[in-house]
Amino acid sequence: MSEAKGMTKTMYNEEKMVQKVASFEYEYDDGDQNWSDVTTYYKNTDGTFVKKYKEGYYGNTSIVSVTEEEIINKMNEIRLKVQKRKEERALYGYSHPFTRSGYTITKDLEQKIE
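Residues numbered from 1 in each chain as written. Predicted model: local features only at pLDDT ≥ 70, side-chain atom pairs only at ≥ 80, totals over all residues. Heavy atoms only, no water.

Caption draft 1: Examining the pairing of strand β2 (residues 34-44) more closely. Note: strand β1 (residues 17-29) against β2, eleven bridges, orientation antiparallel. Bridge pairing links Asp29 to Asn34 in β2. Counted between consecutive antiparallel strands, the loop separating β1 from β2 contains four residues, among which Gly31 sits at a positive phi close to 105 degrees. Relative to strand β3 (residues 49-54), β2 runs antiparallel, the two being bridged by six bridges. For Thr39, the partnering residue across the bridge sits in β3 and is Tyr53. The turn joining β2 and β3, which pair antiparallel and follow one another in sequence, is formed by four residues; a positive phi near 90 degrees is taken by Gly47. (Pairing = 2+ DSSP bridges. Helix = DSSP H or I, 4+ residues; strand = E, 2+ residues; numbered from the N terminus.)

Caption draft 2: Representation of the sheet that holds β3. Taken in spatial order, the five strands make up an open sheet running β4-β3-β2-β1-β5, and their pairing is antiparallel. The strands lining the two open edges of the sheet, one partner per strand, are β4 (61-66) and β5 (102-107). Along the sheet, successive strands turn relative to each other by an average axial angle of 20 degrees, direction set aside. The sheet strands contacting helix α1 (residues 68-92) are β1, β2, β3, β4 and β5, and the helix crosses β5 at an angle near 125 degrees. (Axes fitted to C-alpha atoms, helices over the stretch in contact; angles between N-to-C directions. Contact = heavy atoms within 4.5 Å.)

Caption draft 3: Representation of the pattern of salt bridges within the structure. In the structure shown here, the tally under the stated rule is five salt bridges. The shortest N-O distance in the salt bridge between Glu88 and Lys84 comes to 4.0 Å. Of the two residues, Glu88 and Lys84 both sit in helix α1, four residues apart, roughly one turn of that helix. Here Glu88 ties to Arg85 by a salt bridge, and the two come within 3.2 Å at their closest N and O atoms. On the criterion of helical spacing, the pair formed by Glu88 and Arg85 is a turn pair, its members being three residues apart in helix α1. In this pair, the class of Glu88 matches that of Arg85, namely buried. Shared partners join several salt bridges into a network, and the residues in it are Lys74, Glu77 and Lys81. (Salt bridge = Lys/Arg side-chain N within 4 Å of Asp/Glu carboxyl O. Buried < 20%, exposed > 50% of the residue type's maximum accessible area, 1.4 Å probe, protein only.)

Below is the structure:
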């Protein structure tokens, strides 16, 4: 069983996860296989936040508690990586080995999480 580095698998009641606040995926493309890891942040009914991570190759899912600050910082980091990939693709194209894989923001973070 494969898990993301530093991530612990947690049993969690998904019914508490009521509001999706942000999400992104990382698409792996090694030339003959494609898969995506998906990270989604939720606000719980009690006002806390969780990160749900689904590893795309094996399909393992983990859910861990996170803070609002961690969500904001990670989404800012992902925005920068998406912009960098756009610039690289403008230079090298989409089929270049350096530009095949990359991040996509599927739900961007609002200015303020409510």
